[in-house]
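Examination of the molecular architecture
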Amino acid sequence: MTSPQQFLLPDVGEGLTEAEILAWSVRPGDTVEVNQIIVEVETAKAAVELPSPYAGVVSALHAEVGESLAVGKPLITIDTGPPGETADGPSDGRTTRQSEPEQAALLVGYGPQGAGGGRRRRRSAAPPDGTAQPAAGRSDHVAARPAAKPPVRKLAKDLGVDLTTVTPTGPGGTITREDVREAAARATAETPPLPAPDTARPAETRIPIRGVRKHTAAAMVASAFTAPHVTEFITVDVTATMRLRELVVGRREFRDLRVTPLLFFARALVIALAKTPEANSSWDEAAQEIVLKHYVNLGVAAATDRGLVVPNIKGADRMSLRELAQALADLTATARAGRTSPQDMTGGTVTLTNVGVFGVDTGTPLLNPGEAAILAVGAVRRMPWVIRDDDGDERIEPRWVTQLALSFDHRLMDGRQGSELLAGIAEILHEPGLALL
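Described in the following lines is the structure provided in the data block. All values derive from a computational prediction rather than experimental measurement.

1. Quick word on the overall build of the protein
When its secondary structure is counted, the protein shows 9 helices and 21 strands. Scored against the burial criterion, the 437 residues of the protein give a buried share of 41%. Put simply, of all contacts in the protein between residues at least 6 apart along the chain, 64% involve residues at least 24 apart. Within the structure as shown, the protein displays about 24,100 Å² of accessible surface, and the carbon and sulfur contribution to it stands at 54%.

Set out below in structure tokens:
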């Protein structure tokens, strides 16, 4: 007689209510170990791999790939062996089943540990006739699970490509987007053309709202109808900043980093916040208090295959220029790979969004919920600019110019404070030496 244990879907973020099943690593009949990855799920904030809190044999999966499951609902059932007996042998009579609160308290990425801190041995499940079973271990299909990142898996799903048939060419035997597209192209070439459909192409396509898109939509609606937005604009000559960038790129300590104008915009925003602390605050409706943050967790909006995400750099105000450059590079790479953790998506205090990367001059950004300000940076372009010399004479020269847009919560900041912050950022970008004052 076996002892079935149900693993309920935990809250892998802060207050998330559901997750979508991306891929199962096991199937009924497989033997699993404690801490073995059993499933990959996508929440509104990140893709997360969940480990098994039990050792035993999988008896049931309670959700299909692509299905959304509510937090607290059964995810998988694992038979852990006869009651009163653990994977290490007979027990002292105490049950091996964890209470639901204990199970929910497990830290994502870690399962329960034995008294010695080591991994529990697996228990082989013997059939009723007593026939010997092979040694316990990961099943062949789990061991051979194709290595691919969530965006690549999604692309394969959209194109109808079976990843087990794809030859990987990426680092460490990982499957890349190009591998998936080539496999799809080969399949198309090998498949005889279908007869033309009798009906015309549908006039509409319906796309399920879920994952990051669902979270972003809810957050933006809440922001737009909760915080009274004000947006101000300024056009600024950033030629001096672009010259500074050239000097920094040539320095030895920055040679292994990508130094972009965004780095200097981020630095200017962080410096300017020191003179306008209201822009680094939040509104506590329940307590009827304004919370001034004495630290800067700089959010950076990133467009990914999963949608818009805004991870943040913790303690950006305490970083040197090189440390900030490294943090921006790490944040961007992690976001594009779809591996931003829920922790990196929470706790932001102010946000920077670079619409200029799309060739756009400016916009009216919406606040990230819980924050007081967001700065949008437009494209940096060569434009004619009026220059006035010390004698008051004017001339027109080509200069590097950009537009900045600052949206802020009018409950937390008056027009004067918003204007001072935007003007302060522009002043630093126009003359970076002012940051030394």
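2. Re the side chain of Asn280
As for its position among the elements, Asn280 is in the loop between helix H7 (261-273) and strand S12 (281-284). What makes Asn280 buried here is its relative accessible area of 4%. One polar contact links the side chain of Asn280 to the main-chain carbonyl oxygen of Tyr295, over a distance of 2.6 Å. At 2.7 Å, the side chain of Asn280 forms a polar contact with the side chain of Thr349. Apart from residues lying up to four places away in sequence, Asn280 is in contact with Leu273, Val291, Leu292, Lys293, Tyr295, Val296, Thr349 and Val350.

3. Details of the packing of aromatic side chains
Enumeration over the complete set of coordinates arrives at 0 aromatic pairs. Lying across the ring of Trp400, Arg382 places its NZ or CZ 5.3 Å from the centre.

4. Let's talk about the nonpolar core
Leu298, Leu375, Leu404 and Ile425 are the most contacted members of the largest nonpolar core, which has 47 residues in total. Listing elements by their share of this core, those giving two or more residues are helix H6 (239-249), H7, strand S14 (298-300), helix H8 (321-336), strand S18 (350-354), strand S19 (373-377), strand S21 (394-409) and helix H9 (415-430). Considering each element in turn, this core owes the most residues, 10 residues, to H7. If near-sequence neighbours (up to four positions away) are discounted, Leu375 is found in contact with Leu269, Thr351, Leu352, Thr353, Leu404, Ala405, Leu406, Leu422 and Ile425. Judged by nonpolar contacts, the second largest core, of 21 residues, contains Ile38, Val39, Ala46 and Leu75.

5. What to know about helix H3 (residues 150-159)
Within H3, burial applies to Pro150, Pro151, Val152, Arg153, Leu155 and Ala156. Positive phi appears at Gly160, one or two residues downstream of H3, with a value of about 75°.

6. Topic: the sheet that holds strand S5 (residues 47-51)
Taken together, the 4 strands give an open sheet; going across it, the order is S5-S4-S2-S7, and neighbouring strands pair in antiparallel fashion. Each edge of the open sheet carries a strand with a single partner, namely S5 and strand S7 (68-70). Within this sheet the neighbouring strands show an average axis-to-axis angle of 40°, counted without direction.

7. Topic: the environment of Ala426
Along the chain, Ala426 turns up in helix H9. Separated by 22 residues in the primary sequence, Ala426 and Leu404 have C-alpha atoms spaced 7.9 Å apart. Sequence-distant contacts of Ala426, defined by excluding residues within four places in its chain, comprise Ile234, Val236 and Leu404.

8. Some points on the sheet that holds strand S6 (residues 56-61)
The 4 strands lie next to each other as S1-S8-S6-S3, forming an open sheet whose pairing is antiparallel. Each end of this open sheet is capped by a strand with a single partner; those strands are strand S1 (4-8) and strand S3 (31-32). Note that S6 and strand S8 (residues 74-79) share 4 bridges and pair antiparallel. Note that in S8 the partner of Val57 across the bridge is Asp79.

9. Quick look at helix H5 (residues 211-226)
Its 16 residues place the ends of H5 23 Å apart at the C-alpha level, agreeing with the 22 Å of an ideal helix rising 1.5 Å per residue. Among all positions of H5, only Gly211, Val212, Thr216, Ala219 and Ser223 are buried. Buried residues of H5, viewed axially, fall in a sector of 110°; they line one side. For H5, exposure combined with an orientation more than 90 degrees from the buried face picks out Arg213 and Phe225. The elements touched by buried residues of H5 are strand S11 (229-237) and strand S16 (307-309).

10. Here's the deal with the pairing of S6
As judged from the 2 bridges shared by S3 and S6, these two strands associate in the antiparallel manner. Following the sheet pairing, Thr31 is matched in S6 by Val57.

11. Some details on the pattern of salt bridges
In total, this model carries 10 salt bridges according to the counting rule given. Close ionic contact of Glu420 with Arg416 constitutes a salt bridge, the shortest N to O distance being 3.0 Å. With a gap of 4 residues between them, Glu420 and Arg416 both fall in helix H9, about one helical turn apart. By relative accessible area, Arg416 is classed as exposed at 53%. Beyond isolated ion pairs, a larger network of salt bridges with shared partners links Asp237, Arg395, Glu397 and Arg399.

12. Regarding the packing of H7 against H8
Two packed helices can be described by the angle between their axes and the distance between those axes. Look at H7 against H8: their axes get within 10 Å of each other, and the N-to-C directions meet at 120°. The angle between H7 and H8 falls in the class oblique. The chirality of how H7 crosses H8 is right-handed. Counted together, Leu263, Phe264, Ala266 and Arg267 of H7 and Leu321, Leu324, Ala325 and Leu328 of H8 form the full contact between these two elements.

Rules used throughout
- Residues numbered from 1 in each chain as written.
- Predicted model: local features only at pLDDT ≥ 70, side-chain atom pairs only at ≥ 80, totals over all residues.
- Heavy atoms only, no water.
- Helix = DSSP H or I, 4+ residues; strand = E, 2+ residues; numbered from the N terminus.
- Buried < 20%, exposed > 50% of the residue type's maximum accessible area, 1.4 Å probe, protein only.
- Contact = heavy atoms within 4.5 Å.
- Areas by Shrake-Rupley, 256 points an atom, 1.4 Å probe, with all protein chains shown as cover.
- Polar contact = N/O pair within 3.5 Å; in protein donor to acceptor, adjacent residues only side chain to side chain.
- Phe/Tyr/Trp six-rings, centres within 6.5 Å; stacked < 30°, edge-to-face > 60°.
- Lys NZ or Arg CZ within 6 Å of the ring centre and 35° of its normal.
- Core = buried A, V, L, I, M, F, W, Y, C linked by side-chain atoms within 4.5 Å.
- Pairing = 2+ DSSP bridges.
- Axes fitted to C-alpha atoms, helices over the stretch in contact; angles between N-to-C directions.
- Expected span 1.5 Å × (residues − 1).
- Arc of directions from axis to C-beta.
- Salt bridge = Lys/Arg side-chain N within 4 Å of Asp/Glu carboxyl O.
- Parallel < 35°, antiparallel > 145°, perpendicular 65-115°, else oblique.
- Left-handed = near helix turned anticlockwise from the far one by under 90°.

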